[in-house]
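Close look at the chain arrangement
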Amino acid sequence: MSRWRIPIFRFARMQTSAQVRMNEPDDGNTDGPATGVVTRSKPKAKKPSMYKVIMLNDDYTPMEFVVMILERFFNKNHEEASQIMLHVHQKGVGVCGVYTYELGETKVTQVMDLARQHQHPLQCTLEKA
Ligand code: TYC
């Protein structure tokens, strides 16, 4: 009766660097298990840069509309949304949230689109955090 050969999972073929891997021997011998030192290389994935979504005050957009925007697109509760809206109303600008570039850009577009549909001049921009 022949013995089962158990396939060897070759860690060295895995190219993401965050995992523990076994070095292949450099003698060209690919029979049998990989031998060598277990190493842990530095994670390659970098933290994405973060961006603030900034809202600007104007004289015409209704306060309730701004509060609704903050609740709908920035997941604020009614109290948080009202506080941010009042901050923007009094200071001129305020932060709605901090996101990756792509998510922040999507939110800016959603806010500007809805404001335009309602003919409000509300402005929103992205700023590196
Ligand atoms: N200033 C507006 C008003 O008095 C309210 C407002 C608040 C508008 C925040 C825009 O980002 C804004 N109706």
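The coordinates are above.
In every chain, residue numbers begin from 1 and rise along the written sequence. With pLDDT at 70 or above as the cut-off, local features in this predicted model cover only qualifying residues; side-chain atom pairs require 80 or more to be listed or tallied, and sums for whole chains, interfaces and linings still use all residues. The basis for every side-chain value is the complete set of heavy atoms in the structure, and neither hydrogens nor water enter the calculation.

Residues with no salt bridge and a relative accessible area higher than 30% make up the patches, which join like charges within 9 Å and nonpolar side chains (Val, Leu, Ile, Met, Phe, Trp, Tyr) within 5 Å. Using a 1.4 Å probe, accessible areas were evaluated by the Shrake-Rupley method; residue-level cover was limited to the displayed protein chains. A side-chain nitrogen of Lys or Arg and a carboxyl oxygen of Asp or Glu constitute a salt bridge if their distance falls within 4 Å. Taken together, Met-50, Val-95 and Val-98 make up a surface patch of nonpolar side chains, about 220 Å² in accessible area. Among the secondary structure elements, Val-95 is positioned in strand E4 (residues 93–100). Put simply, DSSP marks the helices as runs of H or I at least four residues long and the strands as runs of E at least two long, and each gets a number from the N terminus on.

A separate point is the site of the ligand. Nearness is defined per residue: one heavy atom within 4 Å of the molecule or strand is enough. Taken together, the neighbourhood of the ligand is formed by Met-55, Leu-56, Asn-57, Asp-58, Thr-61, Met-63, Val-66, Met-85, Val-88, His-89 and Leu-122. The definition of a polar contact used here is a pair of N or O atoms within 3.5 Å, where within protein one atom must be able to donate a hydrogen and the other to accept one, and adjacent residues in sequence count solely through side-chain atom pairs. Leu-56 places a polar main-chain atom, nitrogen or oxygen, 2.8 Å from an oxygen atom of the ligand. Here a nitrogen atom of the ligand sits 2.9 Å away from a polar atom, N or O, in the main chain of Thr-61. Within the complex, 89% of the 350 Å² of free accessible area of the ligand lies under protein.

Joining through side-chain atoms within 4.5 Å is the link that ties buried Ala, Val, Leu, Ile, Met, Phe, Trp, Tyr and Cys residues into a set, and such a set is a nonpolar core. The rule is simple: take the accessible area with a 1.4 Å probe, protein chains only, and divide by the maximum for that residue type; under 20% is buried, over 50% is exposed, in between is partly exposed. Judged by nonpolar contacts, the single largest core of 21 residues is most densely connected at Val-53, Met-55, Ile-69, Leu-70, Phe-74, Val-111 and Leu-122. Top contributing element to this core by residue count: helix H1 (residues 63–74), with 7 residues.

Should DSSP find at least two bridges between two strands, the strands are regarded as paired. Taking strand neighbours across the sheet as the criterion, the 3 strands line up as E4-E3-E5 in an open arrangement whose pairing is antiparallel. Of all strands in the sheet, those bounded by a partner on one side alone are E4 and strand E5 (123–128). Taken pair by pair, the neighbouring strands of this sheet meet at an average axis angle of 30 degrees, ignoring direction. As judged from the 6 bridges shared by strand E3 (residues 50–56) and E5, these two strands associate in the antiparallel manner. Along E5, the bridge assignment pairs Met-55 with Cys-124. Whether two residues touch is decided by their heavy atoms; if any such pair falls within 4.5 Å, the residues are in contact. Geometry is summarised by axes, namely lines fitted to C-alpha atoms with helices restricted to the contacting stretch, and by angles between N-to-C directions that run from 0 to 180 degrees. The strands touched by helix H2 (residues 78–91) are E3 and E4; relative to E4, the strand with the most contacts, the crossing angle is about 125 degrees. Packed onto the sheet, helix H3 (residues 101–117) meets E3, E4 and E5 and runs at close to 170 degrees relative to E5.

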